[in-house]
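# Per-entry structural report
These are the residues of each chain, in order.
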Amino acid sequence: MISGILLAAGESKRMQGAFKPLLKWGKRTVVGECVHQMRSSQLADIFVVLGYRENDIRTRLAGTGVQYAINDDYQNGMLSSVKTGLAMLGPNTDAVMIALVDQPMIKSDLINKLIAAFHEGSKGIVIPTYKGKPGHPILVGAGYVDDIMLLDENAEGGLRAFIADHRND
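For clarity, every value in this text was computed on a predicted model and none was experimentally measured.

## Side note on the packing of aromatic side chains
- Under the criterion given, the structure shown has three aromatic pairs.
- Taking the centre distance of 6.2 Å and the plane angle of 55° together, the rings of Tyr 52 and Tyr 74 count as tilted. Residue Tyr 52 is found in the loop between strand 4 (45-50) and helix 2 (54-60), and its partner Tyr 74 is found in the loop between strand 5 (67-70) and helix 3 (78-86); the two are separated by 22 residues along the sequence.
- With centroids separated by 6.2 Å and ring planes inclined at 85°, the aromatic side chains of Tyr 144 and Phe 162 adopt a geometry described as edge-to-face. With Tyr 144 in the loop between strand 10 (138-141) and helix 5 (145-149) and Phe 162 in helix 6 (residues 158-165), this residue pair connects regions lying 18 residues apart in the sequence. Each member of the pair Tyr 144 and Phe 162 is classed as buried.
- Grouping aromatic residues by their ring pairs yields a cluster made of Phe 19, Tyr 52 and Tyr 74.
- Sitting over the ring of Tyr 68, Arg 58 keeps its end group 4.4 Å from the ring centre.

Parameters at a glance
Residues numbered from 1 in each chain as written. Predicted model: local features only at pLDDT ≥ 70, side-chain atom pairs only at ≥ 80, totals over all residues. Heavy atoms only, no water. Phe/Tyr/Trp six-rings, centres within 6.5 Å; stacked < 30°, edge-to-face > 60°. Helix = DSSP H or I, 4+ residues; strand = E, 2+ residues; numbered from the N terminus. Buried < 20%, exposed > 50% of the residue type's maximum accessible area, 1.4 Å probe, protein only. Lys NZ or Arg CZ within 6 Å of the ring centre and 35° of its normal.

Written out as structure tokens, the structure is:
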């Protein structure tokens, strides 16, 4: 079973007053499109990590069937949201895809390709690349969850450093 975590707890500080998740994106909002694509994929369940403007996002996602994980410490950065989402995973989870709310152009076919690569490969981490550069979303085997949960949220690099340390995986 592959679960999905959508990180949507941040304040959108660089958006100069606009709130990224609730910006219009076609017929939906940015967060709505991300959830739609995740729902249209082979992900078994979806956890949306909320923090800043939690109620506004919940209202927009009403009826989508997602589960919520609330990060009360969202000001501590993205790793705190990753950990909040990971804490929601059930014992039958084989891997988890971690996606960012500001990437509504990630389509369900890409998500399904990551899932297929995980099942077909022998490695525990799957990362899409473009012109040799790693991107998002990432897919991480359940065997790494405990190690990620132990990462210091104040240390430099966070999840990116963890991935770099496990490059061969």
